[in-house]
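The residues making up each chain are set out below.
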Amino acid sequence: MTSPRPQTGRRAALARYLPILDWSRDYGRATLTNDLVAAVIVTIMLIPQSLAYALLAGLPAEMGLYASVLPLVAYAVFGTSRTLAVGPVAVVSLMTAAAVGNLALQGTAEYAVAAITLAFLSGGILLVMGLFRLGALANFLSHPVIAGFITASGLLIATSQLKHIFGVPAQGHTLPELLGSLIGNLGQTNLITLAIGAATIGFLFWVRRGLKPLLRSLGLPPRLADLLAKAGPVLAVALSTLTVWALDLQERGVRIVGEVPTGLPPLTLPSFSADLWGQLFLSALLISVIGFVESVSVAQTLAAKRRQRIAPDQELIGLGASNIAAAVSGGYPVTGGFARSVVNFDAGAETPAAGAFTALGIAAAALFLTPLLYFLPQAVLAATIIVAVLGLVDLAILRHSWTYSRMDFAAVAATILLTLGAGVEIGVSAGVGLSVLLFLMKTARPHVAEVGLVPGTQHFRNIKRHNVLTTPALVTIRIDESLYFANAHFLQDLIYDRVVCDQPIRHVVLMCSAVNEIDLSALESLEAINTRLTELGITLHLSEVKGPVMDRLKRSHFLDDLSGQVFLAQYDAHVALTGSAETGAPPARQEY
C-alpha cells in the first residue's frame, strides 16, 4: 500500500482555507457509505427541527429548510470538524426573533429581509474574525456564564412554545411577560390542540429513551433500531398531520402550518441599508460569538473522541461562509447544533461530506414533501422544540458553581436571571460583560504567597501552608499571575505593607515562576518598588524569570537600575542571600 503523497507548499497553504482539499484526498467507498447512512439519519431528524426552529424565530417554516441546504454545503468546503452538523438551532433562533422582532412585524416581508440581513452580518463578522485569527476571543466567555445563558434560553424557548401547546395567543420576550400572557389567556385553551401537543411531548420523550431498547428487544439490528428511533419526530409529524386532515381538525380551532412553498431555496440578497445594519450589528455580533462558542465546544468534544483536531480560526471561516450562504439562499443565522452533531457522530459520519449529503436530502424534502405539511399542527412543532431544548437546561450548574466558587455562582445566577427577566440580548450582553469582569476581578487581586525553603529540599512553599525555613532578613514573594495594569498597584501595596515591620529585612525576592507577562504599567510599578525599597535600604531581586519576560525586561532600563540580581532559580537566591543552603527557623505559627 502506498503512502499518500505529501502536499506541496501551495496546496498546503490552500488547504488551510479549504479543508475539503485535505479530507477529500483519501475519500473512498467505505467512507461514502458511512457518510450516506449518517446523512439519512440526520436528514430525518433535521426536517421537523428546521420547520420548528423557523417558527421559533418568527419566520415562515420554509426558511428553516432553506437554512439547512446551502449552509451545510458551505461548511463541508470550509469547516474543519468531520462531524459537526450546521443548521438552525434553538438558541440562535430565539436570538434572531429577539433581534428582528424589534424592527418589523412578524410575518411581513421586512421581517424576513431583516433575518436574512442578520445572517449576512453574522457571516461577515465571523469571516473577519477568522481571517484575523481571533478565535481565542471566545475564551473570554466563561463556561459557567455560557451554561447559565443557554439554560435560561432553554427555559424561555420552552415557555414561549406553550402558547402553541394550549392553542392560545401569547406575547412577550421575557419569562414574566410570557407567563403573564399565557395565564391571562388560559380560558381560551383549545382542548384538542392541548391533547395533540401533550401527546406529542409524551411520545417524543418516550422515543428518546424507550423506543430503541424496545426495537432491540424485538431483534432488530442496532443500526436499524437507531435509525427508526431517530425517525420518531418524523413519525409524530406524519401521524398528527394525517389525523388533522382526516378529522378536519383545523375547522375546530387546531392551528396548522398551512401552505409551505415547494422548490429549492431561492436566490436572495440582504438589505444594504446603513440604518438596518446599525440596528442589527450588536445582535449579529452576539449571535456570532454565542454560535461560535457553542459550535466549537461541540466540535472539539467530538473530535477528541476520535483523536482528531479542529482549527478554531478556520471554524470561524467555515461558520461565516455558512451564514453568508444562508443569507443568499433565503435562510437565517445558523451554527453547529449539539444534538444533530452527536447524532451525526453516532451514526458514523467520517467527513463533512455527510453534511453535504444531508443538504441534498433537505433539498429533496423542499422539492417534493412540502405539500404534505399543509395540515401539520403547530402544536407538534412546538412539542419538538420543547423536547429538544429541555436537554439544554442544566440547573445543576447553580449547585456546582455554588459549591466550587461563589464568584462563578454569582455570574451564573445573574446571567440566568437577566436572561429570563430582561430578554436574551440583555442576558447574553451581561454574560459577556460578567465573563470579562470575572477575569479582571480574579487577576486584579492575584494569589500572592510568601514562601520559604522546605527542609532537605530545594523547593519553596507557602509559609502559611507548610513548615518551611525562613530568615528574618530575607522575604521571598511568589506571584501567581502575570503582572499587568489591573494588578500592578496591588503588588506595590502588598510589598510596602510587608516591609513596614520591625524585622531587619535586607532583601526582597520576587519569585516569578508563574509570571508570563509584564506590561508597561507593571514595569513602572516594579521600578517604583525598586526605588522605594532602595530608599529603605532593602535590595530587590528577581528569580525564575521566564525567557520571553526577560527578553522584554532587557529592552527597558529596569535591569540596569535594579538594586539586586536576577537569579535563575529561587534556591540560588536563597543560598546567595543567606550564605547557607539551610538557615533560619520555621515561622512561629503555621496554618494548614
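Residues numbered from 1 in each chain as written. Predicted model: local features only at pLDDT ≥ 70, side-chain atom pairs only at ≥ 80, totals over all residues. Heavy atoms only, no water.

**Quick notes on the overall build of the protein chain**
Within the protein chain, the secondary structure is distributed over 26 helices and eight strands. Each principal axis of the C-alpha distribution contributes one length, and for the protein chain these read about 95 × 70 × 60 Å. Counting only contacts in the protein chain whose residues sit at least 6 apart along the sequence, the fraction spanning at least 24 positions is 79%. Per element, the accessible surface of the protein chain, about 27300 Å² overall, is 62% carbon and sulfur. In the protein chain, which carries 38 positive and 37 negative side-chain charges, the distance between the mean positions of the two groups comes to 10 Å. (Helix = DSSP H or I, 4+ residues; strand = E, 2+ residues; numbered from the N terminus. Contact = heavy atoms within 4.5 Å. Areas by Shrake-Rupley, 256 points an atom, 1.4 Å probe, with all protein chains shown as cover. Lys, Arg positive; Asp, Glu negative; His and termini not counted. Charge placed at Lys NZ, Arg CZ, Asp CG, Glu CD.)

**Observations regarding the sheet that holds strand 5 (residues 474-479)**
If you trace the six strands from one edge of the open sheet to the other, you get 4-3-5-6-7-8, paired in mixed fashion. Of all the strands in the sheet, just strand 4 (460-462) and strand 8 (566-567) have a single pairing partner and so form its edges. Most of the contacts of helix 22 (residues 488-499) go to strand 5, to which it runs at about 160°, and overall it touches strand 3 (448-453), strand 5 and strand 6 (507-511). Here helix 26 (residues 570-578) sits on the sheet and contacts strand 3, strand 4, strand 5, strand 6, strand 7 (539-543) and strand 8; the angle it forms with strand 6, its principal contact strand, is near 175°. (Pairing = 2+ DSSP bridges. Axes fitted to C-alpha atoms, helices over the stretch in contact; angles between N-to-C directions.)

**Quick notes on empty space enclosed by the protein**
Scanning the entire structure with this criterion turns up five cavities of 30 Å³ or more. Within this model, the largest cavity holds a volume of roughly 80 Å³. Looking at the largest cavity, the residues that line it are Glu-450, Val-451, Gly-452, Leu-453, Phe-460, Leu-469, Thr-470, Thr-471, Leu-474, Thr-476 and His-574. Mapped onto the lining of the largest cavity, the elements with two or more residues apiece are strand 3 and strand 5. Of all the elements, strand 3 adds the most residues to the lining of the largest cavity, at four residues. Looking at the lining of the largest cavity residue by residue, the classes come out as five nonpolar, five polar and one charged. Roughly 60 Å³ of internal volume is contained in the second largest cavity. In terms of lining, the second largest cavity is formed by Leu-72, Tyr-75, Ala-76, Arg-82, Thr-83, Leu-84, Ala-85, Val-86, Asn-344, Thr-351, Pro-352 and Gly-355. Top contributing element to the lining of the second largest cavity by residue count: helix 5 (residues 70-78), with three residues. Residue composition of the lining of the second largest cavity, by class: seven nonpolar, four polar and one charged. (1 Å grid on protein atoms, 1.4 Å probe; cavity = no way out; pocket = protein on both sides within 12 Å on 5 of 7 lines; lining within 4 Å. Points joined across faces, edges and corners; volume = space filled by probe spheres on them. Nonpolar A, V, L, I, M, F, W, Y, C, P; charged D, E, K, R; others polar.)

**What to know about the environment of Glu-450**
Relative to the assigned elements, Glu-450 resides in strand 3. Ignoring any residue separated from it by four or fewer positions in sequence, one finds Glu-450 in contact with Arg-461, Asn-462, Ile-463, Val-475, Thr-476, Ile-477 and Arg-498. Within polar-contact distance, the side chain of Glu-450 engages the side chain of Arg-498 at 2.7 Å. (Polar contact = N/O pair within 3.5 Å; in protein donor to acceptor, adjacent residues only side chain to side chain.)

**Some details on a negative patch on the surface**
Residues Glu-524, Glu-527, Asp-560 and Asp-561 make up a contiguous surface patch of negative charge. Listing elements by their share of the negative patch, those giving two or more residues are helix 23 (520-535) and helix 25 (558-561). Structurally, the position occupied by Glu-527 is in helix 23. Judged by its relative accessible area of 30%, Glu-527 falls in the partly exposed class. (Patch = residues over 30% accessible without salt bridge, like charges linked within 9 Å, V, L, I, M, F, W, Y side chains within 5 Å. Salt bridge = Lys/Arg side-chain N within 4 Å of Asp/Glu carboxyl O. Buried < 20%, exposed > 50% of the residue type's maximum accessible area, 1.4 Å probe, protein only.)

**Description of the side chain of Glu-62**
Tracing the chain through its elements places Glu-62 in helix 4 (residues 61-66). Although Glu-62 is buried, it forms no salt bridge, and the closest oppositely charged side chain is Lys-163 at an N-O distance of 17 Å. Excluding anything up to four places from it in sequence, Glu-62 contacts Val-260 and Pro-261.

**Quick word on the confidence of the model for the protein chain**
Looking at the protein chain as a whole, the pLDDT averages 89, with 95% of positions reaching at least 70. For the stretch residues 1-5, pLDDT sits under 50, and the model shows three contacts to residues farther than four places along the chain or on other chains. Every residue in residues 583-592 is under pLDDT 50, and counting partners more than four places away or in other chains gives 24 contacts. (pLDDT = per-residue confidence, 0-100.)

**Brief notes about the layout of surface pockets**
One number sums up the size of the second largest pocket: a volume of about 840 Å³. Ala-97, Gln-106, Lys-163, Gly-172 and His-173 are the residues nearest the centre of the second largest pocket, which is lined by 34 residues in total. Of all the secondary structure elements, the ones that give two or more residues to the lining of the second largest pocket are helix 3 (29-56), helix 6 (90-101), helix 8 (143-160), helix 9 (162-166) and helix 21 (424-444). Take the lining of the second largest pocket: its biggest share by element is four residues, from helix 6.

**Some thoughts on the packing of aromatic side chains**
Aromatic ring pairs are defined here through the distance separating the ring centres and the angle between the ring planes. Counted by the stated rule, this structure contains eight aromatic pairs. Judged by centre distance (6.0 Å) and plane angle (75°), the rings of Phe-120 and Phe-272 are edge-to-face. Of this pair, Phe-120 sits in helix 7 (residues 109-131) while Phe-272 sits in the loop between helix 13 (232-247) and helix 14 (274-305), and the two are 152 residues apart along the sequence. When the centroid spacing of 6.0 Å and the interplanar angle of 50° are considered together, the rings of Phe-120 and Trp-277 count as tilted. Taken as a pair, Phe-120 in helix 7 and Trp-277 in helix 14 lie far apart in primary sequence, 157 residues in all. (Phe/Tyr/Trp six-rings, centres within 6.5 Å; stacked < 30°, edge-to-face > 60°.)

**Structural notes on the packing of helix 8 against helix 10 (residues 175-184)**
The contact between helix 8 and helix 10 brings their axes to 10 Å, and the two run at 20°. In terms of orientation, helix 8 and helix 10 fall into the roughly parallel class. Note on packing geometry: the crossing formed by helix 8 with helix 10 is left-handed. Counting all contacts with helix 8, which are made through Leu-156, Thr-159 and Ser-160, the residues of helix 10 involved are Leu-175, Leu-178, Leu-179 and Leu-182. Considered class by class, the residues forming the contact of helix 8 with helix 10 number five nonpolar, two polar and no charged. (Parallel < 35°, antiparallel > 145°, perpendicular 65-115°, else oblique. Left-handed = near helix turned anticlockwise from the far one by under 90°.)

**Re the environment of Ala-57**
Tracing the backbone through its elements, the reader meets Ala-57 in the loop between helix 3 and helix 4. Given the relative accessible area of 0%, Ala-57 is considered buried. When the C-alpha positions of Ala-57 and Leu-360 are compared, they lie 24 Å apart, and in sequence the two are 303 residues distant.

**Considerations on the nonpolar core**
In terms of nonpolar packing, the biggest core is built from 105 residues, with Met-95, Phe-149, Ile-290, Tyr-332 and Leu-376 touching the most fellow members. Here the element with the most residues in this core is helix 14; it accounts for 13 residues. Core analysis: the next-biggest nonpolar cluster, separate from the first, contains 31 residues, Ile-479, Ala-488, Leu-540 and Leu-562 among them. (Core = buried A, V, L, I, M, F, W, Y, C linked by side-chain atoms within 4.5 Å.)

**Overview of helix 7**
With 23 residues, helix 7 extends 33 Å between its outermost C-alpha atoms, agreeing within 8% with the 33 Å of an ideal straight helix rising 1.5 Å per residue. Two residues or fewer after helix 7 comes Arg-133, characterised by a positive phi angle close to 55°. (Expected span 1.5 Å × (residues − 1).)

**A few points about the pairing of strand 5**
Where burial is concerned, most of strand 5 is hidden: six out of the six residues are buried. Alternating residues of strand 5 divide into Leu-474, Thr-476 and Arg-478 and Val-475, Ile-477 and Ile-479, and every residue in both groups is buried. Sheet topology places strand 3 next to strand 5; four bridges connect them, and they run antiparallel. Along strand 5, the bridge assignment pairs Ala-449 with Arg-478. Taken together, the five bridges between strand 5 and strand 6 define a ladder with parallel strand orientation. Looking across to strand 6, one finds that Leu-474 is bridged to His-507. For the handedness criterion, the β-α-β arrangement of strand 5, helix 22 and strand 6 is classed as right-handed. (Right-handed = clockwise from strand over helix to strand, strands pointing away.)

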